[in-house]
Amino acid sequence: MVTIDGYCTLGEDREYDLTEADLLRAMDGAGVGRAVIAAVDRCLAVHNREGNDFLLKATAAHADRLIPSCSANPWYGDAAVAELRRAIEGGARLLVLHPFVQGYQANDELVWPLLEAAGEARVPVYVHTGTPGNATPWQVVDLADRYPSVDFIIGHCGATDFWNDMVEAGKASDRVYLESSLARPFVFTRYLEEVGGHKGIMGSFAPINALTFEWEQMYSVLPEAMWPDVCGGNLLRLLEKRGTL
């Protein structure tokens, strides 16, 4: 069974402290084969190129274990689109958007040019959700309606303020997927019982959460029949729309 952690923040920043060695050690402890790595908040908000290059360099050293995402703050306009395309050409497989940290509403027209570029490149888009006003599950669904060539991942399942939107939002579009971090595994499993295991993505959000603990808890409550899809298969299918990993 392919296992992929859908979201881990690599590097050091105000709220993060995760080295490559520590991440790989945690993955080994949890029996996780690969992990998508994302940049710290400072690099999501301001130093996009620095963060993207850091992730690409880390992946080059561990190509069989780490999968790089990338980000670009849409306030940079054409420069953001250029940076996104550069990072994707360098190997990034996922666009990360953080409306609260980057300073806009998730479905604001400001972000549309980035989504057009993501659709052209066939990379999925991970959106951090849960912040009132900035990033709700239904705003992500609105983006999916606007961009039929883009797959969207609702990061954190709207936790904590929008947990009660998740089932209906998950059913609203075939291209909207639910990522588990911060939702708690026993709650996430209940979502999937109604939405379907083909829409779920396991993510630990390490180091905010302990990777090994999150995976242990997910295995303890997720029906075994869903493991292959939720614990790696669904995400792999999205990431490989651009080519085999």
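Up top is the structure these notes are about.
Quick summary incoming for the structure in this document. Throughout, a residue's number is its position along its own chain's written sequence, starting from 1. Whole-chain, interface and lining totals are the exception, using all residues; otherwise, since this is a predicted model, local features are given only for residues with pLDDT of at least 70 and side-chain atom pairs are given and counted only at 80 or more. Side-chain metrics rest on all non-hydrogen atoms present in the structure, leaving aside hydrogens and water.

**Quick look at the overall build of the chain**
Threshold: The secondary structure listing takes helices from DSSP runs of H or I that are at least 4 residues long and strands from runs of E that are at least 2 residues long, numbered from the N terminus. Throughout, the radius of gyration refers to the C-alpha atoms, and the reference size of a globule is 2.2 Å times the residue count to the power 0.38. Any residue under 20% of the maximum accessible area for its type is buried, any over 50% is exposed, and the rest in between are partly exposed; the area is computed with a 1.4 Å probe on protein chains only. Here a residue-residue contact requires only that any non-hydrogen atoms of the pair lie within 4.5 Å. Values of accessible area rely on a 1.4 Å probe in the Shrake-Rupley scheme; residue burial ignores everything except the protein chains shown. Under this rule, positive means Lys or Arg and negative means Asp or Glu; His and the chain ends count for nothing. The location of each charge is read from NZ of Lys, CZ of Arg, CG of Asp or CD of Glu.
Secondary structure summary: the chain contains 11 helices and 10 strands in total. Relative to its length of 245 residues, the chain is compact, with a C-alpha radius of gyration of 16 Å against a globular reference of 18 Å. Projected onto its principal axes, the C-alpha coordinates of the chain cover approximately 45 × 40 × 35 Å. Counting all 245 residues of the chain, 59% fall into the buried class. Taking the contacts inside the chain whose residues are at least 6 apart along the sequence as the reference set, 75% of them involve residues at least 24 apart. For the chain, the exposed surface amounts to about 9,900 Å²; the carbon and sulfur share of it is 51%. Side chains of the chain give 20 positive and 34 negative charges; the mean places of these two sets differ by 4 Å.

**As for the sheet that holds strand 7 (residues 125-128)**
Stated formally: In short, DSSP must find at least two bridges between two strands for them to pair. As a rule, the C-alpha atoms of each element are fitted with a line to give its axis, helices using only the stretch in contact, and angles between N-to-C directions run from 0 to 180 degrees.
Spatially, the five strands line up as an open sheet ordered 6-7-8-9-10, and their pairing is parallel. Two strands close off the open sheet at either side, each with one partner strand: strand 6 (95-97) and strand 10 (200-201). Looking at chain direction, strand 7 and strand 8 (residues 152-155) are connected through four bridges and run parallel. Directly across from Y126, in strand 8, lies its bridge partner I153. Across the sheet, helix 7 (residues 137-146) touches strand 7, strand 8 and strand 9 (176-179), and the angle it forms with strand 8 is around 175°.

**Observations regarding the pattern of salt bridges**
Under the convention used in this document: One side-chain nitrogen of Lys or Arg within 4 Å of one carboxyl oxygen of Asp or Glu is enough to make a salt bridge.
In the structure shown here, the tally under the stated rule is 12 salt bridges. One salt bridge connects R85 with E120, and the closest N-O pair in it is separated by 3.3 Å. One end of the pair, R85, is in helix 4 (residues 78-89); the other, E120, is in helix 6 (residues 112-121), and 35 residues separate them in sequence. A relative accessible area of 42% places R85 in the partly exposed class. Of the charged contacts in the structure, one is a salt bridge between D151 and K241, with a shortest N-O distance of 2.8 Å.

**Focus: the packing of helix 9 (residues 185-195) against helix 10 (residues 211-221)**
As a reminder of what qualifies: Oblique is the label for every angle not falling under 35 degrees (roughly parallel), over 145 degrees (roughly antiparallel), or within 65 to 115 degrees (roughly perpendicular). For any helix crossing, the convention is left-handed if the near helix is rotated counterclockwise from the far helix by under a right angle, and right-handed if that rotation is clockwise.
Interhelical geometry of helix 9 versus helix 10 gives an angle of 45° and a closest axis separation of 9 Å. Accordingly, the angle class assigned to the pair helix 9 and helix 10 is oblique. For the pair helix 9 and helix 10, the crossing hand works out as right-handed. Contacts from P185, F186, F188 and T189 in helix 9 reach E214, Q217, M218 and V221 in helix 10.

**Quick notes on the sheet that holds strand 4 (residues 34-38)**
Taken in spatial order, the three strands of this open sheet run 1-4-5, and their pairing is parallel. Each edge of the open sheet carries a strand with a single partner, namely strand 1 (4-9) and strand 5 (66-68). Between one strand axis and the next, the sheet turns by 30° as a mean value, whatever way the strands run. Here strand 1 runs beside strand 4; their pairing, made up of four bridges, is parallel. Looking at the pairing, D5 lines up with A35 of strand 4. Together, strand 4 and strand 5 form the strand contacts of helix 3 (residues 48-61), whose direction differs from that of strand 5 by roughly 150°. On top of the sheet, helix 11 (residues 227-239) reaches strand 1, strand 4 and strand 5; it is set at about 75° to strand 1, its chief contact.

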